[in-house]
Amino acid sequence: MKTLLTRLPAWKALRAHHKKMRLLHLRDLFVADPDRGRRFAFEAAGLYFDYSKHRITVETFKHLFALARECGLRKKINDMFSGRKINITENRPALHVALRAPEGQRILAFGRDVVPEVHRVLRKMADFSDRIRCGKWKGHTGKRIRNIVNIGIGGSDLGPVMAYEALRYYSERNMNFRFVSNVDAADFAEATIDLDQEETLFIVSSKTFTTHETMMNAKTARQWILRKLKNREAVARHFVAVSTNQPGVAAFGIDPANMFELWDWVGGRYSMDSAIGLSTMVAIGHENFYRLLSGFHAMDEHFRTAPFRRNMPVIMGLLTVWYNNFFGFRTTAVLPYSRHLRLFPSYLQQLTMESNGKYVTIDGDRVNYETGPVLWGEPGTNGQHSFYQLIHQGTKIIPCDFIGFCRSLHSSVTHHNTLMANLFAQSEALASGKTFKEVIAEGTPGWLAPHRVFEGNRPSTTILADRLTPETLGKLVALYEHSVFTQGVIWHINCFDQWGVELGKALAKRIGNELENASSPRLTHDSSTNELIRRYRRLR
Ligand code: G6Q
C-alpha cells in the first residue's frame, strides 16, 4: 500500500485542530481545567507519566488516536511481537522483545521459537559473569580479572556504556569497567593506561565481527596483551566475544566456547539486553541483569496490551508526531535529573535518530512530511546553567522530557529535594512562563522587563519513577524503543535498518587506502576532498 499519510482523514483533522491549538496557552489550559494535572497523567509499569504540560486537549488525542488507527498501529505492534519480518529491507523480524521474554513464552522468528535460545545464552552469560566476579576465571598468569574492557561501537557500545553508568550504584566496585569504541588511538590508550594486562579481560562486542573500528581496536588489544604476556595462548584467557560470526571469532583467536551469541533479528541499537550486555551483567551481577530484563518486559507488555488512551509509548510517540509534523518543532530534549543517566540522551540519540532519520518510506517513496526529530540532552541541574536559556527564551520551541526519581540512591535527602525541586520548577516555568505584568509588579524597571518576561507555553513530559533500579532502566529504555516504533509506524518508515551509514563507510575505506598508500593513482574526489587529502599527506 502506498503511503498517503497526509491525505488520511485524521491527518487533515489534526491540521485543522492545530490551527486552534497553536493559539492556546498552557497557562490558560491549566486555569480552565483544575484537574488537568491528573487528567493527563497516569501510572503504568511502575512509571508515572505526566503529559499534562503539553499543548493538547482531549480532542487532540481523539485525532491522534484516530491517526494511529488509520495507520494500523495495533496490527503493526502485533506484527512486531509475533516475529513477522517487519524489517523488510533486511528481510528479518525485529525481535528485541524476545530478548526479555520470560522462559515459557513462545516467540517465533523464521518459524522457530527463539525464547529457549535466548535463555540458553543468558545462562551462559550468568555462568561466565559469576566466574569473573568471584575470581574463578583467572588470567593467563593465574591472576584474578579486575578489569573488563568492552570493545565495540554504535549499538555494541552505547547501550553497555550507558547501562554501566546508569547502574554503577549496583556494580562491583572492586572491578574497573572501561569502554573502547572510537578508532582514534586515544580511546584505547586512555582506557588501558593504568591497567595491568594480567588482570584485564576484553569483551569484543560485534554482531558482525567485521566492523572496522572494533576489529582495529581488538587487534590493538591483542598486541597489548601479548606485549606483556608473550604467549598466544593468553588470548583465550583475556578475550571473549559477543557475536553472530563464529568463524570470525575463531580466526581472531578467541575460543568459540567463549563466544556469546546473538542473532540477526536483534538490531544493534536494540541489543543492550542481549549478550551485548555482557559487560553490564559482569558489572551488576546476573540477578540484577535479570531485573533489568524484567523491567523491559513489563514495558513491552504494557505497550502490547494497554489501550492507546493509557499506553505510554503510544502517547509519547504521538506527541512527537504532533509537534514534529503540526507545530514544526524540530528537536526534542531529554533531561534526566540523575547523574547516573548522564549518557541516556546519547544512547537515545542512536535509538531515535538511526531508527527514524529517514526520508524514504517502507515502499521506497520520498516522504512529503517531516520524520524523526533531532534528540539531544544533558542531565539537570547542569543543563540549567548552560543551554536552558534557549529552551526558556529562545526562538525555537523544544519539547522536553524530564526524568526524575522520588528516592535517591544516595543518602542525602537535602540534595535530592533540591534536585527534584529544580526539575519541577523547570517544567512549571516552561509551561506557565511569566508575563510582563508580573515582571513589572515585582518592581522591575520598564526597560528591563522585556528581558525578564517568559512567554511560556513550552511543552514537556515528566516521567517519575521510584528509584533508579535495573528494572526502572529497562522500563525507560523500552518506553523509548516503543515510542520510536510508534512514530515509525505513523511515518511509514522502517525503524530497523540504517542504510544511511553505508556511504560514509565505503568512502572511508577508499580514502583510507589513499592515505596509507600516498603514491596511489590520481585522486578523483571533488576538489575540496582532494585538497584535504593532499594537505593531510603533507603534514602528517
Ligand atoms: C545499530 C547499528 C550499528 C551497529 C554498529 C556495530 O543499530 O547497526 O550502530 O551496532 O555498527 O556493529 P557490530 O556490532 O556488527 O560491530
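Everything discussed here concerns the structure shown above.
Cut-offs and rules
- Residues numbered from 1 in each chain as written.
- Predicted model: local features only at pLDDT ≥ 70, side-chain atom pairs only at ≥ 80, totals over all residues.
- Heavy atoms only, no water.
- Helix = DSSP H or I, 4+ residues; strand = E, 2+ residues; numbered from the N terminus.
- Buried < 20%, exposed > 50% of the residue type's maximum accessible area, 1.4 Å probe, protein only.
- Lys, Arg positive; Asp, Glu negative; His and termini not counted.
- Salt bridge = Lys/Arg side-chain N within 4 Å of Asp/Glu carboxyl O.
- Near = heavy atom within 4 Å.
- Polar contact = N/O pair within 3.5 Å; in protein donor to acceptor, adjacent residues only side chain to side chain.
- Areas by Shrake-Rupley, 256 points an atom, 1.4 Å probe, with all protein chains shown as cover.
- Nonpolar A, V, L, I, M, F, W, Y, C, P; charged D, E, K, R; others polar.
- Pairing = 2+ DSSP bridges.
- Axes fitted to C-alpha atoms, helices over the stretch in contact; angles between N-to-C directions.
- Contact = heavy atoms within 4.5 Å.

Caption draft 1: The arrangement of the side chain of Lys475 in detail. Among the structural elements, Lys475 can be located in helix H20 (residues 470-491). Despite being buried, Lys475 has no salt bridge partner; Glu471 is the closest side chain of opposite charge, sitting 6.9 Å away.

Caption draft 2: Examining the site of the ligand more closely. Close to the ligand lie 13 residues, the nearest being Ser156, Ser206, Lys207, Thr208 and Thr211. At 3.0 Å from an oxygen atom of the ligand is found a main-chain nitrogen or oxygen belonging to Gly155. Between the ligand and Thr208, the relevant distance is 2.6 Å, taken from an oxygen atom to a side-chain nitrogen or oxygen of the residue. Summarising the interface, the protein chains cover 86% of the accessible area of the ligand, which totals 400 Å² for the free molecule. Within the shell around the ligand, the residues separate by chemical class into one nonpolar, nine polar and three charged.

Caption draft 3: Geometry of the pattern of salt bridges. Taken as a whole and judged by the stated rule, the model has 31 salt bridges. Note that Arg39 is salt-bridged to Asp33, the shortest N-O span being 2.7 Å. When its relative accessible area of 40% is taken as the criterion, Arg39 is described as partly exposed. With a shortest N-O distance of 2.9 Å, Arg123 and Glu103 are connected by a salt bridge. Of this pair, Arg123 sits in helix H6 (residues 115-134) while Glu103 sits in the loop between helix H5 (73-81) and strand S3 (108-109), and the two are 20 residues apart along the sequence. A relative accessible area of 53% places Glu103 in the exposed class. Residues participating in the shared-partner salt-bridge network are Arg100, Asp273, Asp300 and Glu481.

Caption draft 4: Representation of the sheet that holds strand S12 (residues 400-405) in the model. Here six strands make up an open sheet; going across it, the order is S1-S2-S13-S12-S10-S11 and the pairing mixed. Strands with a single pairing partner mark the edges of an open sheet, and in this sheet they are strand S1 (41-44) and strand S11 (374-376). For this sheet, the mean inter-axis angle between neighbouring strands, taken without regard to orientation, is 15°. Note that S12 and strand S13 (residues 460-465) share six bridges and pair parallel. Opposite Phe405, over in S13, you have Ala465 as the bridge partner. Along the sheet, helix H14 (residues 312-327) contacts S1, strand S2 (47-50), S12 and S13; its crossing angle with S2, the most-contacted strand, is approximately 30°.

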